Amino acid sequence: MSERLVKSALTRRALLNRSVALGAFVVGGRFIAAADAAWAMEVTHLQPQTMATLVQMARDIYPHDHVADQFYAAAVKSYDSEETAQIVEAGVAFLDAAARGKGFASYLDVPWERNRVDILRGMEESDFFQTIRGGLVTGLYNQKAVWPLFGYEGESYSKGGYIDRGFNDINWI
Amino acid sequence: MSAPFDLNDDSVIVVIGTGAGGGVLSNELAQRGISVVALEAGGRYLPEDYINDEWESFGQLAWLDRRTTSGDWRVAKDFSGLPAWIVKAVGGTTIHWAGASLRIQPHEWKAKTTYGPVQGANLLDWPVDAEEMAPWYEKAETKLGVTRTGGRAGLPGNNNYKVFEAGAKKLGYKEVHTGRMAINAADYDGRMSCQQTGFCFQGCKWGAKWSAAYTDIPRGEATGHLEVRDRAHVLQIEHDASGKVTGVVYADAEGKQHRQKARAVCVAGNSFESPRLLLNSASSLFPDGLANSSGQVGRNYMRHMTGSVYGVFDKPVKMWRGTTMAGIIQDEARHDPSRGFVGGYEMETLSLGLPFMAAFLDPGAWGREFTTALDSYENMAGMWLVGEDMPQETNRVTLNHDVKDQYGLPVPNVNFDDHPNDLAMRRHAYRQGAAIYDAVGATRTLPTPPYPSTHNLGTNRMSENPRDGVVNKWGRTHDIANLFVSDGSVFTTGASENPTLTIVALAIRQSDHIANAMAKGEL
């Protein structure tokens, strides 16, 4: 987990007082946070709303209902950099423009996943989409903290393998 | 202990590459008292260095030098710069291999005779056969400690195998077992038994799986007749006016170039780098590259018909626990044209960790069809399908002069089109693989496309007639008497079996040939 993506030090009240609700998120001056204030992330180079849109886009590309937003946020956190800020702001602006073309205020304003997916399908071949999608393959699924959510146990060498720990423990076949 | 040889010592045999071919050959020659300098492009990693984390290990071991691709195979679209998943390290891809050790079937040595004419396929019979290879296979099986051969027991089946076996038996398959594996079921040859740890592809941290990295290489070095230079990337093979090779030029870890003289040169850099090196060594005497009077260097690239099937169940399987390739069904490996294709295929259990499953299940896919499959990762069983693909002259490794590597040399381009026989076989294999899991209650099956190739074969094929191929039955090039090829690129046809055992057997046999030729003063 990114050291900069931590349980918010802000109290829930302080956070909510300084922010506005946006989809599943709240955004303030330089941060985005979960609506329940379970986590928050500071942004330096991107607009908070841009980062919130990226997190939603990440979930819409690889939706896992049992994986919390903080893991998607960690997966796209690295786009908050001087090198990538401009291209990401432009990509998200394109996404919002596509949403407005379908009668919504912004991408985050689109309430149903199927409508957001329609917007993404329309830009599937773009470098922006492919960069975000490709980065998520490792950015999301290579987070060790995500593995247990899928039941994956990772390395077993340090525990002596599975020779005495259930390599053949299947009981329903 | 390791013998240091002088760069100007032209009595040594230079072996290029230290995997199943080059690593074994180097040791076998050294055991016979023959001086060998083995040049390995990669570094040295031993079991304590291996990393049981898929991406981190990939970064440590994989051959990631630039390559390009073309043709209609899906790998060219999904992994355009990564046509192969092979290893750049001392020990080569024997660090990564799953351990399946199967002999080529008798009829497969005679593919042209057995299958008859197949349009678009450049079929040929091998200049060796099952009978001639039998004693070499036995030596290879003994070296590797292959289970279910030589009186050695089989490995126990893991969860993934149990699902696979139950489905296979419901379908009536008969040849179903936990494989002939170069993974110790009991302590053998100074190596311990399998601890069912998984991560066979990332290097066995117990040393239970045979790898040249910690068997043949150190044993060869211990004789005092083998010097292995790691991070020594060979750029060119040189020859004299008579056409005999005289040595090689290689770059060391700092990029500094050296010239090692040699009595003979054995090329074992896998099926992309071996033909590439012969082509990059073109000279005024050999304008089309070394050993290429037939025009066959780089051609007939084979990668096996591959694919995977994953089955999703309503209960946990935990397929990643234990041996990665934990069992096999061999019933479909027969030649039976009534199925709509020539040749056959093996079905072998396989598992990937979550990170690689996300990368390889359906590359490029996204959305809920993809993610709901991964949601069931814990409930998945998996198998790999590996069958004989058709050699085609246009499936080939060529030099891409538009793209240069870190040494300024043209990179290899790998062109591959699936043959209609490959496609028909894959369709059949997907159907049978899905049926196996359906028979034991799968709620969903996932026909998964080929991964970047691990079985790279045929680009310096072996032939009776010099017109048809690059090397003779000993792996000696038809054109140059002291130039050999010692890896899977010599395969005349691919057969349906995982190739490592055959590469090892051919390398042991080649060492015998070289020693005899030296004893007779012919080399």
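On a predicted model such as this, the values are computed, not experimentally measured, just so you know. (Residues numbered from 1 in each chain as written. Chains lettered and ligands numbered in written order. Predicted model: local features only at pLDDT ≥ 70, side-chain atom pairs only at ≥ 80, totals over all residues.)

Draft legend 1. Up close: unusual backbone geometry. Residue and element names in this part refer to chain B. Residue F199 is not a glycine yet carries a positive backbone phi of 60°. Positionally, F199 belongs in the loop between β4 (176–177) and α7 (216–222). Taking the C-beta count within 10 Å as the criterion, F199 has 23 such neighbours and is therefore assigned buried. In this structure, N270 is a non-glycine residue whose phi angle is positive, near 75°. Take N270: it is sitting in helix α8 (residues 270–280). Assessed through the 30 C-beta atoms surrounding it within 10 Å, N270 is described here as buried. (Helix = DSSP H or I, 4+ residues; strand = E, 2+ residues; numbered from the N terminus. Buried ≥ 20, exposed ≤ 12 C-beta atoms within 10 Å, placed from the backbone.)

Draft legend 2. Quick look at the sheet that holds strand β10 (residues 305–312) of chain B. Residue and element names in this part refer to chain B. Pairing within the open sheet is antiparallel, and its 6 strands lie in the order β4-β11-β12-β13-β10-β16. Both outer strands of the open sheet, β4 and β16 (444–448), are each paired with one neighbouring strand and no more. Across 2 bridges, strand β11 (residues 328–329) lies against strand β12 (residues 345–349) in antiparallel orientation. Residue pairing in the sheet places I328 in a bridge with E348 of β12. Where helix α6 (residues 159–170) meets the sheet, its contacts fall on β4, β11, β12 and β13 (380–387), and the angle it forms with β13 comes to roughly 65°. Strands in contact with helix α11 (residues 420–438) are β10, β12, β13 and β16; relative to β10, the strand with the most contacts, it is inclined by about 20°. (Pairing = 2+ DSSP bridges. Contact = placed C-beta atoms within 7 Å. Axes fitted to C-alpha atoms, helices over the stretch in contact; angles between N-to-C directions.)

Draft legend 3. Highlighting the environment of L399 of chain B. All names here are of chain B. Mapped onto the elements, L399 comes out in strand β14 (residues 396–404). Note: C-alpha distance between L399 and T68 (331 residues apart in sequence) is 9.6 Å. Sequence-distant contacts of L399, defined by excluding residues within four places in its chain, comprise R276, L279, N280, P410 and P412.

Draft legend 4. The arrangement of α8 of chain B in detail. Residues and elements named next belong to chain B. Most of α8 is tucked away, with 11 of its 11 residues classed as buried. Three or more residues of α8 are buried, namely N270, S271, F272, E273, S274, P275, R276, L277, L278, L279 and N280. Where α8 is buried, its residues meet β1 (13–16), β6 (233–239), β9 (264–267), β14, β15 (410–415) and β17 (483–485).

Draft legend 5. Structural view of the confidence of the model for chain A. In this model, chain A carries an average pLDDT of 90, and 89% of its residues clear a pLDDT of 70 or more. For chain A, strand β1 (residues 5–6) of chain A is the element with the lowest average pLDDT, namely 48, and helix α5 (residues 113–121) of chain A is the one with the highest, namely 97. (pLDDT = per-residue confidence, 0-100.)

Draft legend 6. The arrangement of the interface of chain B and chain A in detail. At the junction of the two partners, chain B supplies 36 residues and chain A supplies 29 residues. At the level of secondary structure, the elements contributing two or more residues to the side of chain B that touches chain A comprise α6, α9 (354–360) and α10 (368–375) of chain B. Considered class by class, the residues forming the side of chain B that touches chain A number 16 nonpolar, 12 polar and 8 charged. (Nonpolar A, V, L, I, M, F, W, Y, C, P; charged D, E, K, R; others polar.)

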